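Secondary and tertiary structure notes
One letter stands for each residue in the lines below.
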Amino acid sequence: MKKIQMVDLKGQYAAIKDVVDPAIQEVIETTAFINGPKVHEFQKNLENYLGVKHVIPCANGTDALQIAMMGLGLKPGDEVITADFTFAATVEVIALLQLTPVLVDVNPDDFNISVEAIKKAITPKTKAIVPVHLFGQAADMESIMEIANEHNLYVIEDNAQGIGANYTFSNGNKAKTGTIGHVASTSFFPSKNLGCYGDGGAIFTNDDDLAHIIRGIVNHGMYERYHHDVVGVNSRLDSIQAVVLDAKLPHLDTYNKARQKAASKYDKAFQNHPKIETPFRKSNGCSGNCDTCDCHVFHQYTLKLSGVDRDGLVKFLNANDIPCGVYYPIPLHKQKAYLDERYNEADFTVTNQLVKEVVSLPMHTELDDEQIDFITSKVLEFIDG
Ligand SMILES: *Cc1c(COP(=O)(O)O)cnc(C)c1O
């Protein structure tokens, strides 16, 4: 059996080496390293893939979120609602811009931001909501957009884990995650579903004016050479990363299918187990078989355990050469940097529980049946004794 990796970037590279190597070589020879034509080509191809008017590439997914918020003109003191159960980057940029992060609880089934909790958290100072499509599953965008419209709020989708996922509206219409809110951010960090060979990110929007503002912000606030109209940042995707992404983009759906297939195989091994809850599949337009609806692209395959020594399981799997992860072990509202006396523990019952119960198993495009069988047998061996 091949050694099991949490993410197998080598195996994926081997399959596209013939395309990637000459493309990187070409960038080196043309020396158009920054803002070259390759970045523009990738941008156009991603716009077509997503069905969004504007993709603005930038340096990483954290920058993308920050720039999206700057582009919307959010001001110090504005409140931004986001999920307590996510990667810290989401809340970090809110705080960095001196906006006020308002963390709220998530749903116990799909781990995404709770619509009820959003409603409760809205105040006259609220300006934006940042749903995260956590682990590759679309948040409830229809309800979130409804609340946002009602209260005149911006919606910034953190799509770092969801690229390629579809959201199905109640009327049956579908849209890719990251194209539904006013603006969205994504990350091309190597382990993401569409990852490059370094850092990278992008902002998406259908709003022409906002796209224009953001294109200036990523480039030192310049709209005309050496005229700095607004305070900007320096955040660029380089051409080498762009050709890697362009080589991978045509395979993104196949990559996500491979993840879904691995997820289905995991699901089967754990089905009806009294102590294991397999990932929720959105009922909204989803047959329960994500191979057809793409509502979950399994950036992570995350189990929820009950009556199991989760940390003992992690140690046992590691001892058997099975990497696994706990995403995330600490709720953001309990992180030192984001403590706020307005928070009330009773408002975070789901996140407080999830951090003790979740475990993410190896998930990538190169997992084979033998590896999945070994992983599931070891998980069950630990749990069933
Ligand atoms: C990875 C990630 C980010 C940040 O992306 P970087 O490219 O690492 O800066 C932001 N939000 C979420 C939910 C992520 O998973």
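Residues numbered from 1 in each chain as written. Predicted model: local features only at pLDDT ≥ 70, side-chain atom pairs only at ≥ 80, totals over all residues. Heavy atoms only, no water.

The next subject is helix α4 (residues 89–96). The set of residues buried in α4 consists of Ala-89, Thr-90, Val-91, Val-93 and Ile-94. Along its buried surface, α4 packs onto α3 (61–71), β2 (79–83), β3 (100–104), β4 (126–130) and β5 (154–158). The first or second residue beyond α4 is Gln-98, which carries a positive phi of 60 degrees. (Buried < 20%, exposed > 50% of the residue type's maximum accessible area, 1.4 Å probe, protein only. Helix = DSSP H or I, 4+ residues; strand = E, 2+ residues; numbered from the N terminus. Contact = heavy atoms within 4.5 Å.)

By size, the foremost hydrophobic cluster in this structure holds 34 residues, and its most contacted members are Ile-81, Phe-85, Val-104, Ile-118 and Ile-144. Looking at this core, the elements with two or more residues in it are β2, β3, α5 (115–121), α6 (141–151) and α12 (349–357). Element by element, the count of residues in this core is highest for α6, at five residues. Three or more residues apiece are contributed to this core by two domains, here domain 1 (9–250) and domain 2 (252–384). The contacts of Phe-85, once residues within four sequence positions are left out, are Val-106, Phe-111, Leu-134, Phe-135, Tyr-327, Tyr-328, Thr-351, Leu-354, Val-355 and Val-358. (Core = buried A, V, L, I, M, F, W, Y, C linked by side-chain atoms within 4.5 Å. Domains from an automatic or database assignment.)

This next bit is on the UniProt feature "active site" (unreviewed entry) in the chain. Cross-referencing UniProt, the feature "active site" (unreviewed entry) maps to Lys-192 in the present numbering. Among the secondary structure elements, Lys-192 is positioned in the loop between β8 (183–187) and β9 (201–205). In this structure Lys-192 comes out as buried when scored by relative accessible area, which is 16%. Aside from chain neighbours lying at most four places away, what touches Lys-192 is Ala-160, Ser-187, Arg-259 and His-299. (UniProt positions renumbered as here; feature names shortened; annotations may be inferred.)

With that settled, the discussion passes to the layout of surface pockets. The volume enclosed by the largest pocket comes to roughly 490 Å³. Around the largest pocket sit 27 residues that line it, and Phe-87, Gln-161, Phe-189, Lys-192 and His-299 are the ones nearest its centre. Of all elements in the fold, only α3, α4 and β8 reach the threshold of two or more residues within the lining of the largest pocket. Along the lines of polarity and charge, the residues of the lining of the largest pocket split into 11 nonpolar, 13 polar and three charged. Two domains each put at least three residues into the lining of the largest pocket: domain 1 (9–250) and domain 2 (252–384). (1 Å grid on protein atoms, 1.4 Å probe; cavity = no way out; pocket = protein on both sides within 12 Å on 5 of 7 lines; lining within 4 Å. Points joined across faces, edges and corners; volume = space filled by probe spheres on them. Nonpolar A, V, L, I, M, F, W, Y, C, P; charged D, E, K, R; others polar.)

On to the domain arrangement of the chain. According to the domain assignment, the chain consists of domain 1 (9–250) and domain 2 (252–384). One C-alpha centre belongs to domain 1, the other to domain 2; they are set 24 Å apart. Domain 1 puts 50 residues into the contact, and the matching count from domain 2 is 39 residues. Of the roughly 3800 Å² buried at the junction of domain 1 and domain 2 (both faces included), carbon and sulfur atoms supply 53%. (Buried area = accessible area lost by both parts, 1.4 Å probe.)

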